[in-house]
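Coordinates in review
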Amino acid sequence: LSVLRVITRENYRFFGNGAQYPAGHLTSGVRSVMIPSPLSPFSSQSRALSGVSEPPRGLVQEKMTDNAVFSQNKVLTIDTMNPNVKNVEYAVRGPIVQRAVQIEKELREGMKKPFTEVIKANIGDAHAMGQQPITFFRQVLALCSYPELLKDNMFPEDAKSRARRILQACGGSSLGAYSASQGIDCVRQDVARYIERRDGGVPCDPDNVYLTSGASDGIVTMLKLLVCGEGASKTGVMISIPQYPLYSAALAELGAVQVNYYLNEEKCWSMDLSELERSLAEARKHCNPKVLCIINPGNPTGQVQSRQCIEDVIRFAAKEHLFLMADEVYQDNVYAEGCQFHSFKKVLFELGPQYSNTVELVSFHSTSKCYMGECGFRGGYMEVINMDPEVKAQLIKLVSVRLCPAVPGQALMDMVVNSPQPGEPSYTTFMKERTATLSLLAEKAKLTEEMLNTVPGITCNPVQGAMYSFPNISLPQKAIKEAKALGQAPDMFYCMKMLEETGICLVPGSGFGQKDGTYHFRMTILPPTDKLKLLLAKVKEFHQKFTRQYS
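The following refers to the structure shown. (Residues numbered from 1 in each chain as written. Predicted model: local features only at pLDDT ≥ 70, side-chain atom pairs only at ≥ 80, totals over all residues. Heavy atoms only, no water.)

**A short note on helix α14 (residues 407–417)**
Owing to its 3.6 residues per turn, the α-helix brings residues three or four apart onto one side. In terms of residue burial, α14 counts as a mostly covered element, since 10 of its 11 residues are buried. Three or more residues of α14 are buried, namely V407, G409, Q410, A411, L412, M413, D414, M415, V416 and V417. The secondary structure elements touched by the buried residues of α14 are α4 (135–145), α5 (157–168), α6 (185–198), β5 (209–212), β10 (361–366) and β11 (380–385). (Buried < 20%, exposed > 50% of the residue type's maximum accessible area, 1.4 Å probe, protein only. Helix = DSSP H or I, 4+ residues; strand = E, 2+ residues; numbered from the N terminus. Contact = heavy atoms within 4.5 Å.)

**With respect to the pairing of β10**
Taken across its six residues, β10 has six buried, putting it largely inside the fold. By the alternation rule, side chains of β10 split into L361, S363 and H365 and V362, F364 and S366, which are all buried.

**Let's talk about the packing of helix α9 (residues 273–283) against helix α10 (residues 307–320)**
Running from N to C, α9 and α10 point in directions that differ by 25 degrees, and their axes come no closer than 11 Å. Considered as vectors, α9 and α10 are oriented roughly parallel to each other. At the point where α9 passes α10, the crossing takes the right-handed sense. On α10, the residues touching L273, L276, E277 and L280 of α9 are D312, V313, F316 and E320. For the contact of α9 with α10, the class distribution of residues is five nonpolar, no polar and three charged. (Axes fitted to C-alpha atoms, helices over the stretch in contact; angles between N-to-C directions. Parallel < 35°, antiparallel > 145°, perpendicular 65-115°, else oblique. Left-handed = near helix turned anticlockwise from the far one by under 90°. Nonpolar A, V, L, I, M, F, W, Y, C, P; charged D, E, K, R; others polar.)

**A few points about helix α16 (residues 477–485)**
By the burial criterion, the buried members of α16 are A479, I480 and A483. Buried residues of α16, viewed axially, fall in a sector of 100 degrees; they line one side. Exposed positions of α16 whose direction lies more than 90 degrees from the buried face are Q477 and K481. Along its buried surface, α16 packs onto α17 (490–502) and α18 (529–550). One or two residues past the end of α16 sits G487, with phi positive at roughly 75 degrees. (Arc of directions from axis to C-beta.)

**Brief notes about the packing of aromatic side chains**
Under the definition given, this model contains 13 aromatic pairs. Geometrically, the ring pair formed by F137 and F430 is tilted, given 6.0 Å between the ring centres and 50 degrees between the ring planes. Of the two residues, F137 is situated in helix α4 and F430 in helix α15 (residues 427–452); the sequence distance between them amounts to 293 residues. F430 carries the same exposure label as F137, and that label is buried. Between Y494 and F542, the ring centres sit 5.2 Å apart and the planes meet at 70 degrees, which makes this aromatic pair edge-to-face. Remark: F542 occurs in helix α18 and Y494 occurs in helix α17; sequence separation between them is 48 residues. Here Y494 matches F542 in class, with each residue buried. An aromatic cluster is present here, built from F493, Y494, F521, F542, F546 and Y550 joined pairwise through their rings. The lysine or arginine in question, K345, covers the ring of F349, its NZ or CZ lying 5.7 Å from the ring centre. The side chain of R522 reaches across the aromatic face of Y468, ending 3.9 Å from its centre. (Phe/Tyr/Trp six-rings, centres within 6.5 Å; stacked < 30°, edge-to-face > 60°. Lys NZ or Arg CZ within 6 Å of the ring centre and 35° of its normal.)

**Overview of the packing of helix α7 (residues 214–226) against helix α13 (residues 389–401)**
The N-to-C vectors of α7 and α13 enclose an angle of 130 degrees; their axes lie 11 Å apart at closest approach. Considering the angle they form, α7 stands oblique to α13. Our pair here, α7 against α13, has a crossing hand that is right-handed. Where α7 abuts α13, its residues T221, M222, K224 and L225 lie against V391, Q394, L395, L398 and V399. When its residues are assigned to classes, the contact of α7 with α13 shows six nonpolar, two polar and one charged.

Rendered as structure tokens:
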């Protein structure tokens, strides 16, 4: 059997340092076929990756029989697959990250580079960056996972009592059993009490709480409920630009219309009511916009919206009859002086019955961010407000299809909302660890802003919250022209070159959306302080070199 490897031009464009993947790198005896596509032109730099030993991710490998049966005889081909899936893009784990993984492999194999390691600042994965888990959370999870440890005196009694309560609510007293589709009942009760405490006594009904496998699961579930129609009646979903690519990816997969509204970079990425009005009016010409999504604190932009801004958004949603989706997974990550997190639900109810009885709202939280950083456990919740009872029944049906959220993630979510209280044995250690984690993040947010603003051609707004900076970068016209000749966004070209020359993995602003003619990158503030300083110094050195090279 011989092998056919098909390289689409999309893969060709995005792989490597602004370069194309040459057929000469394919394994001996392999036939390569270029699939015609208007996505990108061929480049004179097709041999820029001469050190690459394996074809990039995305190559389709197809066995050919003696009868030369090609992929077009498959039931599922690139032409017969769901076209919406082909429109999905997710920059946070996109081509640059794929190249970074390959560079790491090359370094392990002894290939010489101008650096010794890849520093991944592309994703908000706190523990991967060295942040330590909260002791109490891991103690309870250990007890729940292996109940024999409940006999061990090394665990504090408050951890044991929580573990027992969770296990008693599990089938067979085991985390390995399915839970109710909406989530473990006692955990939903604890989430409701947490929300009430957070929001100053605003009531929360546990029946309105749905546990999820991370906030992403809840967001996609709600969008599935909301998206309908065809042509001019197709659902439009308003999302902030820059945005977290989960939203654009989910909308592409569902075939919804993405309606962009731009945050105001000159005013620290604040929301502008006139921009919302402009965006909505434009969208109504070609679709049915009925959803408004907000990320607060912001990702990738790191802003914390003011209470006045949130009031304005709620009034706007009420006036225009829009369903509100509030992504609040960074609610504990607030660093800047004068900034404070205000939940949309709290502000909604404080505006009075005119709004609290009518505006439809769903808000999301997660175990992955804040001081927890427990991304891998996939814990989260959403709370729905003013949902039509018939739709609520459909939501319960929809979440039942996926059986239940990950039960260890539910247990972890319970620890977040039912953390140690004063007088309990774990309280002092818990508060010490929580405070230290958030204080260090605040220091690194300030450090990132200050160091980036020392670089000519880079401007960084204050990192008020969340885990990222999103600086504006000035690129020479020569670099922009070369990038476009390669079929790449200029900041993709810039970030790919930075990766190849420094080992630093960032995400180009074009992956999040930005105003035409502006360029950015997103970088996380999560690396340890010494490594963050090294990263920022390398960014400065690279930007100065890049500017000289293309000036």
